[in-house]
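Summary of the model geometry
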Amino acid sequence: MSQDKEILKTLIIGSGPAGYTAAIYAARANMDPVLYTGLEPGGQLMITTDVENYPGYPDGVKGPEMMEDFRKQAERFGTQVHYDTVVKVDFTGPVHKAWTEGGVEIHAHSVIISTGASAKWLGIESEKKFMNKGVSACAVCDGFFFKGTKVAVVGGGDTAAEEAQYLAKLCPEVHLLVRRDEMRASKIMQERVFKTPNIKMHWHTEAEEILGEEEVTGVRVVNNQTGEKNVIDIRGFFVAIGHKPNTDIFKDWLEMDETNYLITKGKSTKTNVDGVFVSGDAADKIYRQAVTAAGTGCMAALDAERYLTDIGII
């Protein structure tokens, strides 16, 4: 199936808060957006139970429910939502091309990338078992639920240091599990961690199994030098070993940093290719929040609207 004869005004690759917000703004601006959801329609929020920090939901909301609201709002204004994944792009000419896993060829004057990023996980079975039942990859998102309890953070970089410090303000004890004998975090971040009395350091330590019945009650750790095993009583287990932006298909076309996050021009959402814009966690490795992703989705739609106006499409 081909769309050779039709050139879309706006193609949105990826859903989640960024993609759906871009779609809402684009649809209201007569840009006739067509959105392809990707592998996880709704993005990371689809594996998030309670969202309590997004404005407009005073009683909190389930992640999937919130994404359903976003989708309905985008469709209300005329966005076409397709449950398929874009697997290849060609940004050679003024008309951008993309192909989906389902075999659809798409031509578009403007493209908004909202493919997000995925948290890196340890890969142990119990991690999946307790997802949203004590296991998290975002302290800012979920730390509040563990206020007053003991928690563990896995990682040795800046992300782990930040997560541990954030949690230390809420929790009486934060156990930081580092697999080496030193942290990779910047000197200043390490100093802050070491100066925080309720952060307990565990060197040469790896999580072997997360323990509990319905919810997390502890973690069994092993010293990778001595083989000694211990159980630490915790209620929250935070994995902070980084995120991977979902940007592989753009490697031959768009500028990226050393960790494959897409680079934008100045404070805009513009990439190095005219007519291609990026929003959300595919470009944001600092904030990574639903509300900031939605904000950049709005920005990307506005940038795309100006572009389409400048080239005489709308």
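Structure: see above.
About the cut-offs
For every chain, the first residue of the written sequence is number 1, and numbering continues from 1 along that sequence. At least 70 in pLDDT is required for a residue's local features to be given in this predicted model, at least 80 for side-chain atom pairs to be given and counted, and no such filter applies to totals for whole chains, interfaces and linings, which use all residues. As a rule here, side-chain values cover all heavy atoms of the structure and leave hydrogens and water aside. Numbered from the N terminus, helices here are DSSP runs of H or I no shorter than four residues, and strands are runs of E no shorter than two. Any helix carries an expected span of 1.5 Å times its number of residues minus one. Categorising residues by exposure relies on relative accessible area from a 1.4 Å probe, with only protein chains included: less than 20% of the type maximum marks a residue as buried, more than 50% marks it as exposed, and the intermediate range marks it as partly exposed. Note on contacts: a residue pair is in contact if any heavy atoms of the two residues lie within 4.5 Å. One requirement defines pairing of two strands: DSSP has to find at least two bridges between them. Under the convention used here, Asp and Glu are negative, Lys and Arg are positive, and both His and the chain ends fall outside the count. In what follows, salt bridge is the name for a side-chain nitrogen of Lys or Arg lying within 4 Å of a carboxyl oxygen of Asp or Glu. Under the rule applied, a polar contact is a pair of N or O atoms within 3.5 Å (in protein, one hydrogen donor and one hydrogen acceptor; residues adjacent in sequence only if both atoms are side-chain atoms). The convention used is that axes are lines fitted to C-alpha atoms, helices contributing only their stretch in contact, and that angles between N-to-C directions extend from 0 to 180 degrees. Each angle receives one of four descriptions, namely roughly parallel if under 35 degrees, roughly antiparallel if over 145, roughly perpendicular if within 65 to 115, and oblique otherwise. The crossing is said to be left-handed when, going from far helix to near helix, the turn is anticlockwise and less than a right angle, and right-handed when the turn is clockwise. Here the nonpolar group is Ala, Val, Leu, Ile, Met, Phe, Trp, Tyr, Cys and Pro; Asp, Glu, Lys and Arg are the charged ones; every other residue, Gly included, is treated as polar. As used in this record, nonpolar core signifies buried Ala, Val, Leu, Ile, Met, Phe, Trp, Tyr and Cys residues forming a set joined through side-chain atoms within 4.5 Å.

**Brief notes about helix α7 (residues 290-310)**
Its 21 residues place the ends of α7 30 Å apart at the C-alpha level, agreeing with the 30 Å of an ideal helix rising 1.5 Å per residue. For α7, the full list of buried residues reads A290, A293, A294, G297, C298, A300, A301, D303, A304, Y307 and L308. Packed against the buried residues of α7 are β1 (8-13), α1 (16-28), α2 (63-76), β8 (105-113) and β19 (276-278).

**Looking at the pairing of strand β6 (residues 86-90)**
Where β6 and strand β7 (residues 96-100) come together, four bridges link them in antiparallel fashion. Residue pairing in the sheet places V89 in a bridge with A98 of β7. Hairpin remark: β6 followed by β7, antiparallel, with five residues in the connecting loop.

**Description of the side chain of H175**
Relative to the helices and strands, H175 is located in strand β12 (residues 174-177). The exposure class assigned to H175 is buried, which follows from its relative accessible area of 8%. Discounting chain neighbours no more than four positions away, the residues touching H175 are V151, A152, V153, K200, H202, I232 and I234.

**A closer look at the side chain of E105**
Counting through the fold element by element, E105 comes out in strand β8. Within the buried core, E105 has no salt-bridge partner, and the shortest N-O distance to an opposite charge, that of K97, equals 5.2 Å. Polar side-chain contacts of E105 include one of 3.3 Å to the side chain of W99. One polar contact links E105 to H107, side chain to side chain, over a distance of 2.7 Å.

**Some remarks on the packing of helix α5 (residues 158-168) against helix α6 (residues 187-194)**
Contact geometry for α5 and α6: axes closest at 10 Å, N-to-C directions at 30 degrees. Judged by the inter-axis angle, α5 sits roughly parallel to α6. Considering how the two elements wind past one another, α5 and α6 form a crossing that is left-handed. Where α5 approaches α6, its residues D158, A161, E162 and Q165 are matched on the opposing element by M189, R192 and V193. The residue inventory of the contact of α5 with α6, partitioned by class, reads three nonpolar, one polar and three charged.

**Thoughts on the nonpolar core**
Formed by 27 residues in total, the largest nonpolar core has its most connected members in Y54, M66 and I112. When residues of this core are assigned to their parent elements, the largest contribution, seven residues, is made by α7. Setting aside anything within four residues of it in sequence, one finds M66 in contact with L45, V51, Y54, Y57, V61 and A290. Core analysis: the second largest hydrophobic core is formed by 22 residues, L8, L11, L262 and V278 among them.

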